[in-house]
Amino acid sequence: MNPLLLHDLLEHLRELPSLPAVVMELLATMDGPDTDLGELAKKVAQDQALTAKALRLANSSAYGLQAKVTTIQQAIAFLGFDSTRKLITAAAVTSNFPGGRCAGFDTQAFWRHSIASAACASVLARRTRFNQDVAFTAGLLHDIGRLVLASSYPVLYQQALDWRSAHDSSMLEAERAIFGIDHVVAGVALAEHWNFSDAMRLAIANHHAPDAPGASFLATIIHVADAIVHALDLACQEDDLVPAVSSAAWTALGLDEETYLQVFRETELQCEEITLILIG
Amino acid sequence: MSASYQHLALAEVKPGMILSDVLLDKQGQVLLPQGAVLTAATIALLPRHGIVTLAVLHQGDAPGQQAPDATLVQQRLARLFRKNEIDDPHDWATGILRRYIEDFRLGREIER
């Protein structure tokens with residue numbers, strides 16, 4: 001790892017526009033106990049754009065609500081606190097993160113991949129009896145380090161993108177070649193800076209190495225979801241590349257083919273609708 | 001709501017059809033997830049939960065169900081999985097994922 005660059009990266013993180021305070025709070029408590037619901041609903045309601053997007057998600061067909069919810073309080077009442085927290089976070093992260101400084105970095109494709117990974121992780125979580133809302137958010141944020149690198153170092157990131165094309169490598173290898181660090185390191189740095197929950201930070205740290213010592217089951221879910229989403233071609237990038245799937249992670253999930261085919265179908269269905277709402 | 005779906009009376013629903021939305025019972029509990037493939041056994045259980053109609057995807061609209069061109073599918077998968085040797089014993093999990101995706105794209109699960 002390049003210590004100079006890491007130091008510099010931390011400086012850049014301080015300059016990033018931060019998420020609305022209420023979203024930072026939600027991310028920090030993602031896998032913790034419920035916070036004060038009334039307080040939360042009030043804070044979120046102050047941000048109208050955020051509220052509107054979160055409510056559109058709540059009213060999407062994935063939840064099958066009989067009547068439309070029109071306030072955050074209603075969403076909490078009908079969907080529960082965890083799901084509402086997940087929706088607000090998704091709406092905030094996809095709206096507030098700076099992008100577009102690096103010309104070659106396709107921000108839309110980045111979010112398509114992240115949203116698809118979130119949908120897939122959530123479906124895998126249900127099949128393995130893991131917390132679906134935590135899995136969704138971890139899936140959404142697993143590659144956030146890419147966005148950090150691309151917005152903090154647009155020129156260098158362009159070089160990494162060119163290196164990747166020239167060597168037909170993974171983005172991870174290209175980042176290491178150009179930066180000496182990769183999006184995993186950058187993602188973990190952001191997770192610490194923004195005070196993400198430990199579970200979220202560890203999943204980001206190990207999503208490319210789910211069999212590393214100390215890696216969590218959440219990292220395993222994200223690792224497999226990431227590969228599935230590349231394989232399903234959901235980011236719509238011609239030169240997409242399916243990363244190697246860890247056999248330990250595959251075995252740990254323990255799902256049969258019939259289940260995977262269901263997972264693929266559910267992922268495609270959910271992903272289409274959520275993508276439309278979040279990034280239009 | 002998915003783009004292209006139809007509401008069918010339970011009697012018209014056939015095995016292999018795909019739910020376009022999550023299916024809830026009267027208490028609002030999830031019976032089946034969005035995208036579930038209906039089997040004869042699940043259809044038989046639905047009246048017990050008070051289900052009379054279902055929203056299913058139009059035939060041919062389901063992802064992975066459009067009459068797929070096997071050659072095109074395999075070409076694309078070869079491109080996406082270009083770093084995976086299909087019979088590499090050290091990379092078997094990637095190989096299995098590739099096989100499952102191919103089965104999915106070619107709609108092989110319907111006959112199962």
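Everything that follows concerns the structure shown earlier in this document.
Caption draft 1: Spatial organisation of the state of the cysteines. In total, this model carries 0 disulfides over all chains according to the counting rule given. C236 of chain A takes part in no disulfide bond, and the closest cysteine sulfur, belonging to C271 of chain A, lies 8.5 Å away.

Caption draft 2: Representation of the packing of aromatic side chains. Residues and elements named next belong to chain A. Inspection of every chain in the model, using the stated rule, returns 12 aromatic pairs over all chains. Measuring from ring centre to ring centre gives 6.4 Å for W194 and F196, while their planes differ by 50°; the resulting arrangement is tilted. By relative accessible area, W194 is classed as buried at 4%. A relative accessible area of 5% places F196 in the buried class. An aromatic cluster of at least three residues, connected via ring pairs, comprises F105, F110, W111, Y153, Y157 and F179. Directly above the aromatic system of F136 lies the positively charged group of K86, at a separation of 4.8 Å from the ring centroid.

Caption draft 3: The interface of chain B and chain A, seen in detail. Taken together, the contacts link 36 residues of chain B with 38 residues of chain A. Contact between chain B and chain A buries roughly 3300 Å² in total, counting both sides, with carbon and sulfur atoms accounting for 58%. Contact with chain A buries surface across chain B, with Q34, L80 and Y100 of chain B losing the most and accounting together for 20% of the total. Inspection of the region where chain B meets chain A yields 5 salt bridges. One salt bridge connects R79 of chain B with E238 of chain A, and the closest N-O pair in it is separated by 2.9 Å. Viewed at the interface, chain A and chain B are joined by 14 residue pairs in polar contact (both at pLDDT 80 or more). For the side of chain B that touches chain A, the elements supplying multiple residues, two or more each, are α2 (70-80) and α3 (92-105) of chain B. Per element, the largest residue contribution to the side of chain B that touches chain A is 10 residues, and it comes from α3 of chain B. Partitioning the side of chain B that touches chain A into residue classes produces 20 nonpolar, 6 polar and 10 charged.

Reading the values: rules and limits
- Residues numbered from 1 in each chain as written.
- Chains lettered and ligands numbered in written order.
- Predicted model: local features only at pLDDT ≥ 70, side-chain atom pairs only at ≥ 80, totals over all residues.
- Heavy atoms only, no water.
- Disulfide = S-S within 2.5 Å.
- Phe/Tyr/Trp six-rings, centres within 6.5 Å; stacked < 30°, edge-to-face > 60°.
- Buried < 20%, exposed > 50% of the residue type's maximum accessible area, 1.4 Å probe, protein only.
- Lys NZ or Arg CZ within 6 Å of the ring centre and 35° of its normal.
- Contact = heavy atoms within 4.5 Å.
- Buried area = accessible area lost by both parts, 1.4 Å probe.
- Salt bridge = Lys/Arg side-chain N within 4 Å of Asp/Glu carboxyl O.
- Polar contact = N/O pair within 3.5 Å; in protein donor to acceptor, adjacent residues only side chain to side chain.
- Helix = DSSP H or I, 4+ residues; strand = E, 2+ residues; numbered from the N terminus.
- Nonpolar A, V, L, I, M, F, W, Y, C, P; charged D, E, K, R; others polar.

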